[in-house]
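Breakdown of the fold
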Amino acid sequence: MKWWRDAVIYQIYPRSFADSDGDGIGDLPGIIGRLDHLAALGVDAVWLSPFYPSPQADAGYDVADYRSVDPLFGRLADADELIASAHARGLRVIVDLVPNHTSSQHVWFQEALAAAPGSRERDRYVFRDGRGDGPPNSWQSVFGGDAWTRLPDGQWYLHLFDAGQPDLNWDNPEVRAEFEDILRFWLDRGVDGFRVDVAHGLVKQADLADWHLPMMPLTGPGAEGAPRPPMWDQDGVHEIYRRWRKILDSYEGERILVAEAWVQPAERLAAYVRPDEMHQAFNFEYLEASWTPADQHSVISRSLAASAAVGAPTTWVLSNHDVVRHASRLGLPVGTPRPNGIAAGDPQPDAGLGLRRARAATLLMLALPGSAYLYQGEELGLPEHTTLPAEARQDPTWFRTDGASVGRDGCRVPIPWEADAPSYGFGPTDRSWLPQPAAFGELALDRQVGVPGSTYELYVAALRLRRAHALGHGELTWVPTPGEVLSFTNGDLLVLTNFGPVPAELPAGAEILLSSEPVAGREVPTDVTVWARLT
Ligand code: NOJ
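Residues take numbers from 1 onward in each chain, read along the sequence in its written order. Note on the predicted model: pLDDT of at least 70 is required for a residue's local features to be given, and 80 or more for side-chain atom pairs to be given and counted; whole-chain, interface and lining totals, by contrast, use all residues. Side-chain measures were taken over the full set of non-hydrogen atoms in the model, leaving aside hydrogen atoms and water.

Now for the overall build of the chain. A count of helical and extended segments in the chain gives 14 helices and 18 strands. Burial classes: relative accessible area under 20% of the type maximum marks a residue as buried, over 50% as exposed, and values in between as partly exposed (1.4 Å probe, protein chains only). Expressed as a percentage of its 535 residues, the buried residues of the chain come to 62%. The contacts in the chain between residues at least 6 apart in sequence include a share of 67% that link residues at least 24 apart. In this description, accessible areas are obtained by the Shrake-Rupley approach with a 1.4 Å probe, and a residue is regarded as covered only by the protein chains that are shown. Approximately 19,200 Å² of the chain is accessible, and the part contributed by carbon and sulfur atoms is 53%. A positive count includes Lys and Arg, and a negative count includes Asp and Glu. His and the chain ends are not counted in either. Charge placement uses NZ in Lys and CZ in Arg. For Asp and Glu, CG and CD serve respectively. Of the charged side chains in the chain, 45 are positive and 72 negative; the average position of the first set lies 3 Å away from that of the second. Elements are defined by DSSP. Helices are runs of H or I of four residues or more, strands are runs of E of two residues or more, and each kind is numbered from the N terminus. Contacts are residue-level and defined by heavy atoms, with any inter-residue pair within 4.5 Å sufficient.

We treat two strands as partners when DSSP finds at least two bridges between them. Strand order in the open sheet formed by 8 strands is β9-β8-β7-β3-β2-β1-β11-β10, with parallel pairing between adjacent strands. Both outer strands of the open sheet, β9 (280-281) and β10 (315-317), are each paired with one neighbouring strand and no more. With 4 bridges connecting them, strand β1 (residues 8-12) and strand β11 (residues 371-375) associate as parallel partners. For Y10, the partnering residue across the bridge sits in β11 and is L374. Lines fitted to the C-alpha atoms define the axes, with helices restricted to the stretch that makes contact. Angles between their N-to-C directions range from 0 to 180 degrees. Seen against the sheet, helix α14 (residues 455-468) touches β1 and β11 and runs at an angle of roughly 165 degrees to β11.

We call a residue near a molecule or strand when any one of its heavy atoms sits within 4 Å of it. Around the ligand, the surrounding shell holds 14 residues, and the nearest of these are D58, R195, D197, H321 and D322. Identification of polar contacts relies on pairs of N or O atoms within 3.5 Å, with a donor-acceptor requirement for protein atoms, meaning one able to donate a hydrogen and the other able to accept it, and with residues adjacent in sequence counted only if both atoms are side-chain atoms. A distance of 3.0 Å is found between an oxygen atom of the ligand and a side-chain nitrogen or oxygen belonging to H101. In this structure, an oxygen atom belonging to the ligand sits 2.9 Å away from a side-chain N or O atom of R195. Within the complex, the protein chains bury 100% of what would otherwise be the 300 Å² of accessible surface of the ligand. Amino acid classes used here: Ala, Val, Leu, Ile, Met, Phe, Trp, Tyr, Cys and Pro are nonpolar; Asp, Glu, Lys and Arg are charged; the rest, including Gly, are polar. A class-by-class count of the residues in the shell around the ligand yields 4 nonpolar, 3 polar and 7 charged.

What follows concerns the pattern of salt bridges. Opposite charge on two side chains allows them to pair when their charged atoms are near. When a carboxyl oxygen of Asp or Glu lies within 4 Å of a side-chain nitrogen of Lys or Arg, that pair is called a salt bridge. Per the stated rule, a full pass over the model turns up 39 salt bridges. Among the ionic pairs, K2 bridges to E254, the shortest N-O distance being 4.0 Å. Note that K2 is positioned in the segment before β1 and E254 in the loop between α6 (237-249) and β8 (256-259), a separation of 252 residues in sequence. Using a relative accessible area of 45% as the deciding quantity, one classes K2 as partly exposed. One network of salt bridges, in which partners are shared, links D58, D322, D395, R408 and R412.

Moving on, we come to the environment of Q205. If you trace the backbone, Q205 turns up in the loop between β7 (193-196) and α6. Remark: the alpha-carbon pair of Q205 and M231, spanning 26 residues in sequence, is separated by 6.3 Å. When neighbours within four sequence positions are excluded, Q205 is seen to be in contact with P230 and Q234.

In terms of residue burial, β1 counts as a mostly covered element, since 5 of its 5 residues are buried. Where burial is concerned, the two faces of β1 agree: the one with V8, Y10 and I12 and the one with I9 and Q11 are both buried. Sheet analysis places β1 next to strand β2 (residues 45-48), joined by 4 bridges and oriented parallel. The residue bridging I12 from the neighbouring strand is L48, located in β2.

Bringing the pairing of strand β14 (residues 493-498) into the picture now. Summarising burial for β14: 6 of the 6 residues are buried, a large majority. Residues L493, V495 and T497 point to one face of β14 and L494, L496 and N498 to the other, with burial holding for every one of them. Across 6 bridges, strand β13 (residues 485-490) lies against β14 in antiparallel orientation. Among the inter-strand pairings, N490 is bridged to a residue of β14, identified as L493. Count of turn residues in the β13/β14 antiparallel hairpin: 2 residues, of which G491 carries a positive phi of about 60 degrees. Pairing between β14 and strand β18 (residues 528-534): 6 bridges, direction antiparallel. What sits directly across from L496, in β18, is V530.

Either a parallel or an antiparallel arrangement is found when strands of a sheet pair, and the pairing is made through backbone hydrogen bonds. Overall, antiparallel pairing links the 3 strands, which are arranged β4-β6-β5 in an open sheet. Strands at the two margins of the open sheet, each flanked by one partner only, are β4 (127-128) and β5 (148-150). Across 2 bridges, the pairing between β4 and strand β6 (residues 156-158) is antiparallel. Pairing of F127 across the sheet is with Y157, part of β6.

A few words now on the nonpolar core. Looking at soluble globular proteins, one finds that nonpolar side chains tend to be buried together. Throughout this description, the term nonpolar core refers to a set of buried Ala, Val, Leu, Ile, Met, Phe, Trp, Tyr and Cys residues connected via side-chain atoms within 4.5 Å. F51, F194, Y241, W244 and W531 are the most contacted members of the largest nonpolar core, which has 136 residues in total. Top element by residues in this core is α14. It accounts for 8 residues. With sequence-adjacent residues up to four places away left out, W244 is seen in contact with L97, P99, W170, F179, E180, L183, V196 and L257. Core analysis: the second largest hydrophobic core is formed by 15 residues, V142, F143, L160 and V198 among them.

With that out of the way, let us pick up the packing of aromatic side chains. To pair, rings of Phe, Tyr and Trp, with the six-membered ring standing in for Trp, must have centres within 6.5 Å; the planes then decide the type, stacked if under 30 degrees apart, edge-to-face if over 60, and tilted in the middle. Taken as a whole, this structure holds 25 aromatic pairs when the rule is applied. Summarising the aromatic geometry, the rings of W47 and Y373 are spaced 6.3 Å apart at their centres and angled 75 degrees between planes, so their arrangement reads as edge-to-face. Note that W47 is positioned in strand β2 and Y373 in strand β11, a separation of 326 residues in sequence. Residues W47 and Y373 agree in their burial class; the two are buried. Relative to W232, the ring of F161 has its centre 6.4 Å away and its plane inclined at 50 degrees; by these criteria the two rings are tilted. Separated by 71 residues along the polypeptide, F161 in the loop between β6 and α5 (173-188) and W232 in the loop between β7 and α6 bring together distant segments of the chain. Neither residue differs from the other here; F161 and W232 are each classed as buried. Connected via pairs of aromatic rings, a cluster forms that spans Y66, W170, F179, Y241, W244 and Y272.

Running from amino to carboxyl end, α5 crosses α6 at an angle of 30 degrees, the nearest separation of the two axes being 11 Å. The orientation of α5 relative to α6 falls into the category roughly parallel. The crossing of α5 and α6 is right-handed. Counted together, R176, F179, E180, L183, R184 and L187 of α5 and E239, I240, R243, W244, I247 and L248 of α6 form the full contact between these two elements. Partitioned by chemical class, the residues of the contact of α5 with α6 number 7 nonpolar, no polar and 5 charged. Orientation categories follow fixed angle ranges, with anything under 35 degrees roughly parallel, anything over 145 roughly antiparallel, 65 to 115 roughly perpendicular, and all other angles oblique. Each crossing gets its handedness from the near helix: less than a right angle anticlockwise from the far helix is left-handed, clockwise is right-handed.

Here it is in structure tokens:
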């Protein structure tokens, strides 16, 4: 059974999901204790951001040991228990694999530092001599500043992200063999798949040619016809994923690979999900589309066509741990370029409008054929924390840009479970590695369960109906509709989103099954999505 083709996959950010020991940082036992929430919500799988031993220079995306669990999060036995407990509830488990770089504390990098230029140890990474006194080329780190750091012996090493995240050399067979072994380690422990970090970055253009355009933080080549940056989306990455696919296919069950690849246009992204490569790729073009019927129509059509051309399911995503939560992003004026974060001094989102649009956007997304990703807390309608004090910020982007770019902490704040408990029930104490905004109290899970119209109940109802009507397996047919309206059928459902100021009318005989806000009669108000059955 190809469960992943229509799966709803819930992203857990372990630092911020549930804290069992009261140290203010979430952990694996905390997640185990909250799995019933995910089963009740009705998702099919969870994806866990990294929980491996790490100095946490980039919140765990700097891995020091790929085969263990950081004591911050628990022990390896907790990972085993988490996998078993999730499986017992019918939830599949996807773990994060970070192959583009290791931590600078990884034993390989420590060996490389101790070894001489030209040594086997250094060849596992990208070491080069500089040009004169400067770095080997013009590349910048995605997090700001130079992408190279100099060692006392004069050589430089490449890090497309933080200096604590040296890039591996994927031309080295030892690196390839090591990651194939890491895949097997977790497959043997029962995981159902891997979300592959920076999947478009592993192979660099051999000449490490200069690049003078922006690195476009976490973004690929951009608009059609634009030159392809020498560090992203090189054709050589595909051979790696073909080998990995063979390994996954040699295991029982449908284990999957999901590409985190900021690659555009959709056709280039689709190359990552050809039949003998990965199973899915995140659809960031969809996440970045503006809230207009024209943009939504065009990105949905393009995405469906590009993935259909290679026989892969399309994926949909609105939020994750790297972007401003969609309940806040959609509260900014339409057309605002997607911000990397929001600071207290920036124009603030309209919270009411943002939540209304977020609920409409989610209902639109969950009606689309394919697989959908949810980010922890969006089922509560959580906003971005836009007024974090400077001293609380932890994202390396903040430090590497001297505060010019606030970074991603605002979407990573520990989530609220109980309105009246310390840390809103995140843990047994009032400790929380990032301070929680007061707005989280009213949005806590216990304030929403069983409350008609709450965002939580909207998600539960949507996931139940999505399954009952097999929407993820369905086919989308656009229904031309006047006004600023998007409408399509999927199976026996009619889906309509009204983006315009004028109410949109449902066809006669349409019976509303679910709507993102209350709808009286057949008039769908602005910024509302409706699922209806045609009778
Ligand atoms: C993408 C991850 O989602 C992000 O959080 C991380 O900073 C970079 N990759 C580098 O690993």
